[in-house]
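# Fold and contact review
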Amino acid sequence: MSSAACVDEISAAALFLRAVAMVPAAHYLAASLLVLLILFYNLFEFHFLRDLLHGFRGDPVVLTFNPASKIYEGVVSKCRIFHRRYLPTPWLASPHLQTAFLHFFGRPPCVTYRRQLFSVRDGGTIALDWLLASDVAGGYSNMEKVISKDDTAPLVIVIPGLTSDSASPYVKHLTYVMAKQGWNVVVSNHRGLAGISITSDCFYNAGWTEDIREVINHLHQEYPKAHLFAVGTSVGANILVKYLGEDEDNTPVAGAASICSPWDLVVCDRFLTRKPVQRLYNRALTMGLKDYAKLHKPVLARLANWEGIRKSCSVREFDSHATCLVGKFETVDTFYRCCSSVSFTGNIVVPLLCISALDDPLCTREAIPWDECRANKNIVLATTAHGGHLAYFKGLTAQSLWWVEAVREFLSVLHASPFIHGQKKALTHGLHSLLESSIDKVPFVNVMEDGMVAALTSDGAHDGHKEDLNNPINHDMKPENEVAYGGQSGDRTEVNADLQQFAVSLGQGVEEESSDNAIPGVTASVTGSMNQLSRRYRTSVWLLTYIAIVTTWPLVGSVLHNIFRKKLKRFLPAAWIRR
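Every chain's residues receive numbers from 1 upward, in the order its sequence appears when written. Restriction of local features to residues with pLDDT of at least 70 applies here, the model being predicted, together with a cutoff of 80 or more for giving and counting side-chain atom pairs; totals for whole chains, interfaces and linings are based on all residues. Working from all heavy atoms in the structure, the side-chain values ignore hydrogens and water.

### Let's talk about the pairing of strand β11 (residues 379-384)
Using a 1.4 Å probe on the protein chains alone, a residue whose accessible area is under 20% of its type maximum counts as buried, one over 50% counts as exposed, and one in between counts as partly exposed. Secondary structure elements are taken from DSSP: a helix is a run of H or I of four residues or more, a strand is a run of E of two residues or more, and numbering for both begins at the N terminus. In terms of residue burial, β11 counts as a mostly covered element, since 6 of its 6 residues are buried. Of the two faces of β11, both are covered, the one formed by I379, L381 and T383 as well as the one formed by V380, A382 and T384. Remark: the strand β10 (residues 352-357)/helix α15 (residues 370-375)/β11 crossover connection has right-handed handedness. Handedness of a crossover is defined as follows: orient the strands so they point away from the viewer, and if the path from the first strand over the helix to the second runs clockwise, the crossover is right-handed.

This is how it looks when you write it as structure tokens:
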């Protein structure tokens, strides 16, 4: 029986192999291609079949806001684009296809910028690329024309993403649409980008807000009658949100929009190493950072680990060899936590629209601060199921970006509404720097406010020169004639010296407590320190007086007690006098 069964089994196996051999090879090839297609479809997150089954209706825009938000009731609710559905371009039905198409093609409109060079206080140079409403109005455009101080046309400030500049396709889409509406637009390029050399030992990073702060304050002083609006994209959105949270009411920005912000850099860093596709993006971003570093090798080779930068295979490795060394961060995670904008959303008072795609291949949905946005009455968060990273192509021809139209409509309605933000405080930059927490300052070599940048030159901290932001924008770069100023470093050095002098004055007063001349000496020291601080930082005299009284009260109280002790014996019990 066993031999017969074995013969049957051999016969069955032989029959199976014979049947397999009879199937044409083309069928196996087709099956293999089908399996690969399914894997490819899932790997790159295609949603064409889903859109087809839903009749290409698109998905609704989900809005997250505070129930008592006047920004939603008075502005966003009147924007029709947020109450419609968003359908991506059918032949770009994948976040990766959209992102890649934007990067390699983009189909941007043809724009010609007017360039102005703006020198910041530490000696760095920023390229400001302007696109005026007259440049896209048609007809003859005078490239020599400049905006007058009395111009009331709204002004939009654009902050590009990581290693992006005014030439990026999505930036051109935005600037063209806003200028076509009759607004003036200026792109604030990051340091070292847009063809501009590094003229100081300072570099930008994902949390560096000092440059945009100086640019915004300068533009507000130059064009006081024009409402300022700001739009940040990707890393530029993180910088913008962080700046708005830092300055709170002390900003001239009337309204803002954040597009595809990473929000939490720690979470996004983990996300970029999770899947094979994200690792490809990680490598692509690293290549862009390394190309940026090569442009400024003479400076970076002196400040950072150039060999480590050259061998970096991920953004985290680049930050470890460049950002952490230049910025004096202890670890990469320390840098990410200090520069993440998620911690600053609760302080924002400017009307802010935030747009994020849930399928963003770079800035994961896990980093979106849903609860923080819902808690702030000034923030409205708009999320879509699809869109990729800064892409949002729409229509069969993919000629326009959905988020650009959303920003245009939001800013237009906001500009015509009574909910536009108005600056309520004077610009007290010195006080902001003095009272800011130490973890947000991050201890750079030149002790800037926040961001990567550091390495102050040997003579920078001791130089008495400080560039006035009221001066016109510099058209001619002359780095060899400019005197570098250490940004906030000089201010904080003076602050520390003043505080030390104040403490020494108090200490000297304590040593002379038993002397009859103690009170005049201490009063003179305290008064001198108060006047010095008041002159330099324009802070409230009442605040300084309160601090002086509280800190010197033990000394003054003990001296008064010794002076009036004998006189008080006549009126107070002996037990009280002994106390």
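Having put the structure on the table, let's press on.
### Some details on the environment of V315
Position of V315 among the secondary structure elements: in helix α13 (residues 315-327). Given a relative accessible area of 13%, V315 falls into the buried group. Apart from the residues within four sequence positions on either side, V315 is in contact with N282, L285, T286, L289 and Y336. What makes two residues a contact is simply this: any of their non-hydrogen atoms within 4.5 Å.

### Some words on the layout of surface pockets
Cavity: a set of points on a 1 Å grid over the protein atoms alone where a 1.4 Å probe fits but cannot get out. Pocket: an open set with protein on both sides within 12 Å along at least five of seven lines, its lining residues, like those of a cavity, having an atom within 4 Å of a point. Grid points are joined across faces, edges and corners, and a volume is the space filled by probe spheres set on the points. Empty space within the largest pocket amounts to approximately 1,400 Å³. Around the largest pocket, the lining is made up of 50 residues, and of these L162, T163, A284, L285 and L362 lie nearest the centre. The set of elements that each furnish at least two residues to the lining of the largest pocket consists of α5 (95-104), α6 (169-180), α9 (265-271), α10 (276-295), α13 and α14 (332-339). Of all the elements, α10 adds the most residues to the lining of the largest pocket, at 12 residues.

### With respect to the nonpolar core
Residue types Ala, Val, Leu, Ile, Met, Phe, Trp, Tyr and Cys, when buried and joined through side-chain atoms within 4.5 Å, form a set referred to as a nonpolar core. Core analysis: the biggest nonpolar cluster contains 66 residues, and W130, L219, L244, V253 and L352 have the highest contact counts within it. Per-element accounting of this core gives the leading share, 6 residues, to helix α8 (residues 235-247). With near-sequence residues (within four places) excluded, L352 lies in contact with V241, L244, A256, A257, S258, N378, I379, V380 and F410. One finds L63, L102, V156 and V177 within the second-largest nonpolar core, a separate group that totals 54 residues.

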